[in-house]
Amino acid sequence: MKHRRPALAAVAALVLTGCSGTGSHSPETGLDDPAKKDIAMRLVSSAENSTLDWKAQYGYVEDIGDGRGYTAGIIGFCSGTGDLLKVVERYTAKHPGNVLADFLPALRAVNGSDSHEGLGAAFTHAWTEAAADPGFRAAQDAERDSSYFDPAVERAEADGLSALGQFVYYDAYVMHGYADAEGTVGFRTMRAQALAEADPPSGGGDEEAYLNAFLDARVAAIRKEPSHSDTSRVETAQRVFVREGRLQLETPLVWKVYGERFRIDGA
């Protein structure tokens, strides 16, 4: 489960090149299309790291005080929830003897807690150093896809959702995880609540109505979490895209999250 770090300085709007154009003639592609996936990563980074430059986040690591230990990398892997451990295990399996390998016993010991025991400054320095290695960046990419992106997109496709709907599912996976945990509501419960209110396109329902039902469930989930209260990640970002009918994530996309304004333009 992922949580944004404290806001950085306001970021100037960045122009995304190579994306589909605006309007109803944009080709319908899923979120696994490279250009759409890059948009998704920028959207997530705006909330997780207060910047659209998601590729600069491989070396990010800090404890943001949310009870999940260190938050690190491109989507905020956490030492307390096990996915940060999986990243280091992936990296070490292909690149034994790397600068993070010696921290594996400590990472296994702190999993499920906010402890820094056996980690500390030595670990954070090693994480930052490892980020220069393409192999480490590949390990983060692989864990993101395996645990979050691919399952979210697969479920969204089965529900008949467009690229926007696939992103809505993905962002929920990133922030909340799949299943409920102590003090949190997971994606699975949000989806069940949405299905109780509206049919997805695969069941003959209207996509915008269904997405609004899902976002309603997510807002309720955010308000239940002690480490969250700000729902702008939904209300002034994803809800705006639904209202504007940008089901293919057609650019330009303009949104606010945690009080900061962002924009992605087309080619």
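See the structure shown above.
Cut-off values and rules
Residues numbered from 1 in each chain as written. Predicted model: local features only at pLDDT ≥ 70, side-chain atom pairs only at ≥ 80, totals over all residues. Heavy atoms only, no water. Helix = DSSP H or I, 4+ residues; strand = E, 2+ residues; numbered from the N terminus. Polar contact = N/O pair within 3.5 Å; in protein donor to acceptor, adjacent residues only side chain to side chain. Contact = heavy atoms within 4.5 Å. Buried < 20%, exposed > 50% of the residue type's maximum accessible area, 1.4 Å probe, protein only. Pairing = 2+ DSSP bridges. Patch = residues over 30% accessible without salt bridge, like charges linked within 9 Å, V, L, I, M, F, W, Y side chains within 5 Å. Areas by Shrake-Rupley, 256 points an atom, 1.4 Å probe, with all protein chains shown as cover. Salt bridge = Lys/Arg side-chain N within 4 Å of Asp/Glu carboxyl O. Lys, Arg positive; Asp, Glu negative; His and termini not counted. Charge placed at Lys NZ, Arg CZ, Asp CG, Glu CD.

S.K.: So what about the side chain of Asn98? Which residues, and what values?
M.R.: With respect to the helices, strands and loops of the structure, Asn98 is situated in the loop between helix H2 (83-94) and helix H3 (104-110). A distance of 2.9 Å separates a polar side-chain atom of Asn98 from the backbone oxygen of His95. A polar side-chain atom of Asn98 sits 3.0 Å from the main-chain amide nitrogen of Ala101. Apart from residues lying up to four places away in sequence, Asn98 is in contact with Tyr91 and Thr92.

S.K.: Help me get a handle on the pairing of strand S5 (residues 260-264), residues and values and all.
M.R.: Of the two faces of S5, only the one carrying Glu260, Phe262 and Ile264 is buried; Arg261 and Arg263 on the other face are not. Relative to S5, strand S4 (residues 253-257) runs antiparallel, the two sharing five bridges. Note that in S5 the partner of Leu253 across the bridge is Ile264.

S.K.: So what's going on with a negative patch on the surface? Residues and values would help.
M.R.: A cluster of acidic residues, Asp32, Asp150, Glu154 and Glu157, forms a negative patch at the surface. Looking at Glu157, the relative accessible area reads 42%, which means it is partly exposed.

S.K.: Any chance you could break down the sheet that holds strand S3 (residues 77-78) for me, citing the residues and the numbers?
M.R.: Read from one edge to the other, the open sheet built from three strands follows the order S1-S2-S3, with strand pairing classed as antiparallel. Among the strands making up the open sheet, the edge pair consists of strand S1 (61-63) and S3. Direction of pairing for strand S2 (residues 70-72) relative to S3: antiparallel, over a ladder of two bridges. By the bridge assignment, Ala72 is partnered in S3 with Phe77.

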